[in-house]
Structure formats: structure tokens, C-alpha cells
Amino acid sequence: MKLKFTKMHGAGNDFIVIDATAAPIELSPAQWQRLADRRFGIGADQILVVQKPSAEGCDFKYRIFNNDGSEVEQCGNGARAFVKFVTDKGLTDKTSIRVETMKGVIAPRLEADGSITVDMGAPRLDPSEVPFDAAHLSGWAEGDDPAWPLEVAGKTVFVSVVSMGNPHAVQVVDNVDTAPVGEIGPLIEHHARFPARVNAGFMQVLDRHHIRLRVHERGAGETLACGTGACAAVVAGIRRGLLDSPVRVSARGGDLSVAWEGLGQSVFLSGPAVTVFEGEVEL
Ligand SMILES: N[C@H](CCC[C@H](N)C(=O)O)C(=O)O
């Protein structure tokens, strides 16, 4: 079976995008993983599958598979690539689109200047919604500095836990270039306190409107940018009194912009979306 795809990226976070609006595509996790494999397949951080919606009032459904073949709830950079894909392919003439994902509806918008802003919905901050097992910390009052102690590699790090539909654990570091992302990122991803695993963010605060960020992504390893990770980091930084909205998020692959006006409000993510090439592969 021949499979057409479009290779895209958002600030270096790269995707295989598949148009399954004519006919749904169902592969096993191993088959998704093989497609995303950088040696044996096309290679990508995530695979995005565009389908017709099943939810009322939505224009599309969009499924997300990590490099390891796991299906996940949300992808911020992917949402922008999605908008560029459906627009360029003529699958819609709308510029404001409602997209059904595994966990909720997002509303990406193609701006007049060609940039793309995504309403990522409101963050969920209760540990049980992330999910983060905080039972052992029942006496812990988050207090003014909402970060939770987490024992990693014999040390205690303090993480803010945030769900953007997908789980994030964000810590503040002095310098992202020297932060132990490769060493403790995987340990946090697979930490027993995160029953669904977690994306591990490392945030350096440059000023109240600018951070640098590296993310060890669940199911993909460190990526050059992470959209939901940028949203989670900004929410965490604002709640910890370190940041004011909007915030420029400098990732290794490029800059994103995140705005959040506070509890109960949506997080808005803006940034680039680029088509690299079209391809076809034999499944
Ligand atoms: N690795 C993430 C999914 C992709 C998120 C990221 N690429 C983004 O732009 O938000 C997870 O397992 O939750």
C-alpha cells in the first residue's frame, strides 16, 4: 500500500502529516514507530493524521503519534503544521478552524500575515488531572511557589505539573545549555509519580517576558521545540511569579510566543509552520 505524506516542522519539531480525510488509516503502534524511525523509516518526532471530525461543531479530527508509536492527546507545534497543511491542500477555506483531538477541542487560526495562533484551551493544574501522584505529599502546601518536590537520581528537583491535554513537568534551571536534560529528562519521563509518563521541561528565565526552554518529550526524546511544553512552562512561570504574559519562548529550533491571562483562561500559542517536502512511502 502506497502512503502519501507531507514532511513539516514547527520551529524544528518535525512531523509526518497524513491526509486521512478520504479514508481513515489504522496502523499498529509498531507500524507508526517504523514510519517515524529516523533510520528505518521517514523519520519524525510525531506523526499527525488528519481525519473527518466525529464531534459536533468541529471541522477536523487530528490524531497524534509520538516517535515511539504511542498515541497522545495534544501537540502544540503540530496544531500549527496542521493548519498550514489543511489550508495548502485546499481541505478547508476557513482561517479559524475547530479541531477535535484525543482530549478536547483546539482552535487554531491562520492570521492575515500568514502566522498561526492556536487557542490551546485552559491548562489543568490539579495533579490528579496531569496525572501526577502527589499522595505522598499530602502535607505539602503548594503555597506561593507551586512546584512539587520530585526525587530524581538521588536529588530533589522542584517541578510544576501542568496538563495541556498532555502531561508536563517543568523545572527552572540557571542555564538550559548546561541543564542535565539528557541525563534526567528520561528519568522524569518514566518516573513512577507520572503514571502516563510525562514531558520534562527545563526553563531558564531571561526576563519577565522571555525564557529559553528545552524539553525532553514523552515518547520522542529531546526535540528542538515543544509547543505544549512552551505553554506549560509559561503557565508554570506565571504561577511562580517569574513571568508576565505574553512570553517569548526561545527553543533550540526557533522562537514561539505564548500568552495566558490566568486561571480558567486559554493559553494561546503562536509560531512558525513550514512544509519541507512531499513524499510517498510503501507500507
Ligand atoms: N511528546 C508529547 C506530544 C507532542 C508534543 C509536542 N511536540 C508539542 O509541540 O506540543 C507527549 O507525549 O505528550
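Computed from a predicted model, the values in this text were never measured in an experiment.

1. Overview of the overall build of the protein chain
Here's step 1: Each helix and strand counted, the protein chain has four helices and 18 strands in total.
Here's step 2: In summary, the protein chain has a C-alpha radius of gyration of 18 Å against a globular reference of 19 Å for 283 residues, a match within 12%.
Here's step 3: Here the C-alpha coordinates of the protein chain stretch approximately 55 × 40 × 35 Å along the principal axes.
Here's step 4: Once local pairs closer than 6 in sequence are excluded, the contacts in the protein chain between residues at least 24 apart make up 61%.
Here's step 5: Entry remark: accessible area of the protein chain is about 11900 Å², with carbon and sulfur atoms responsible for 52%.
Here's step 6: Of the charged side chains in the protein chain, 28 are positive and 36 negative; the average position of the first set lies 3 Å away from that of the second.

2. Quick notes on the nonpolar core
Here's step 1: With 50 residues, the main nonpolar core has Tyr62, Phe82, Ile211 and Val249 as its most contacted residues.
Here's step 2: When residues in this core are grouped by element, the largest group, seven residues, is from helix 4 (residues 227–239).
Here's step 3: Once you skip the residues sitting within four places of it in the chain, Val249 turns out to touch Ile211, Leu213, Ala230, Val234, Gly254, Asp255, Leu256 and Val258.

3. Observations concerning the domain arrangement of the protein chain
Here's step 1: When cut into domains, the protein chain gives domain 1 (2–114 + 272–282) and domain 2 (127–265).
Here's step 2: Computed over C-alpha atoms, the centres of domain 1 and domain 2 are 24 Å apart.
Here's step 3: Each side of the interface is counted separately: domain 1 has 19 residues, and domain 2 has 20 residues.
Here's step 4: Of all residues in domain 1, the largest losses of buried area upon contact with domain 2 belong to Ala11, Glu73 and Gln74, amounting jointly to 32% of the total for that side.

4. Some thoughts on the site of the ligand
Here's step 1: Around the ligand, the surrounding shell holds 15 residues, and the nearest of these are Gly76, Glu217, Arg218, Gly227 and Thr228.
Here's step 2: Between a nitrogen atom of the ligand and a side-chain N or O atom of Asn13, the distance comes to 2.8 Å.
Here's step 3: For the ligand, a nitrogen atom lies 3.1 Å from a polar atom in the side chain of Gln46.
Here's step 4: A domain-level breakdown of the shell around the ligand finds at least three residues from each of domain 1 (2–114 + 272–282) and domain 2 (127–265).

5. A word on the packing of aromatic side chains
Two aromatic rings are characterised by how far apart their centres lie and by the angle between their planes.
Here's step 1: Under the criterion given, the structure shown has six aromatic pairs.
Here's step 2: Summarising the aromatic geometry, the rings of Trp32 and Phe65 are spaced 4.2 Å apart at their centres and angled 20 degrees between planes, so their arrangement reads as stacked. With Trp32 in helix 1 (residues 29–36) and Phe65 in strand 4 (residues 60–66), this residue pair connects regions lying 33 residues apart in the sequence. There is no split in this pair, since Trp32 and Phe65 are both buried.

6. Thoughts on the pattern of salt bridges
Here's step 1: If you walk through the whole model with that rule in mind, you get 20 salt bridges.
Here's step 2: Each of Lys7, Asp14, Arg38 and Asp45 takes part in a single network of salt bridges with overlapping partners.

7. As for the UniProt feature "binding site: substrate" (unreviewed entry) in the protein chain
Here's step 1: According to UniProt, the "binding site: substrate" (unreviewed entry) feature falls on Asn13, Gln46, Asn66, Gly76, Asn77, Asn166, Asn199, Glu217, Arg218, Gly227 and Thr228.
Here's step 2: Mapped onto the elements of the fold, Glu217 is located in strand 13 (residues 210–217).
Here's step 3: Within the secondary structure layout, Gly227 lies in helix 4.
Here's step 4: Using a relative accessible area of 2% as the deciding quantity, one classes Gly227 as buried.

8. What to know about the pairing of strand 16 (residues 254–260)
Here's step 1: As judged from the five bridges shared by strand 15 (residues 247–251) and strand 16, these two strands associate in the antiparallel manner. If you follow Ser250 over to strand 16, its bridge partner there is Asp255.
Here's step 2: Hairpin connection of strand 15 to strand 16: two residues between the antiparallel strands.
Here's step 3: The pairing of strand 16 with strand 17 (residues 267–271) spans four bridges and is classified as antiparallel. Following the sheet pairing, Trp260 is matched in strand 17 by Val267.
Here's step 4: Hairpin remark: strand 16 followed by strand 17, antiparallel, with six residues in the connecting loop; positive phi at Gly262, about 125 degrees.

About the cut-offs
Residues numbered from 1 in each chain as written. Predicted model: local features only at pLDDT ≥ 70, side-chain atom pairs only at ≥ 80, totals over all residues. Heavy atoms only, no water. Helix = DSSP H or I, 4+ residues; strand = E, 2+ residues; numbered from the N terminus. Rg over C-alpha atoms; globule rule 2.2 N^0.38 Å. Contact = heavy atoms within 4.5 Å. Areas by Shrake-Rupley, 256 points an atom, 1.4 Å probe, with all protein chains shown as cover. Lys, Arg positive; Asp, Glu negative; His and termini not counted. Charge placed at Lys NZ, Arg CZ, Asp CG, Glu CD. Core = buried A, V, L, I, M, F, W, Y, C linked by side-chain atoms within 4.5 Å. Buried < 20%, exposed > 50% of the residue type's maximum accessible area, 1.4 Å probe, protein only. Domains from an automatic or database assignment. Buried area = accessible area lost by both parts, 1.4 Å probe. Near = heavy atom within 4 Å. Polar contact = N/O pair within 3.5 Å; in protein donor to acceptor, adjacent residues only side chain to side chain. Phe/Tyr/Trp six-rings, centres within 6.5 Å; stacked < 30°, edge-to-face > 60°. Salt bridge = Lys/Arg side-chain N within 4 Å of Asp/Glu carboxyl O. UniProt positions renumbered as here; feature names shortened; annotations may be inferred. Pairing = 2+ DSSP bridges.

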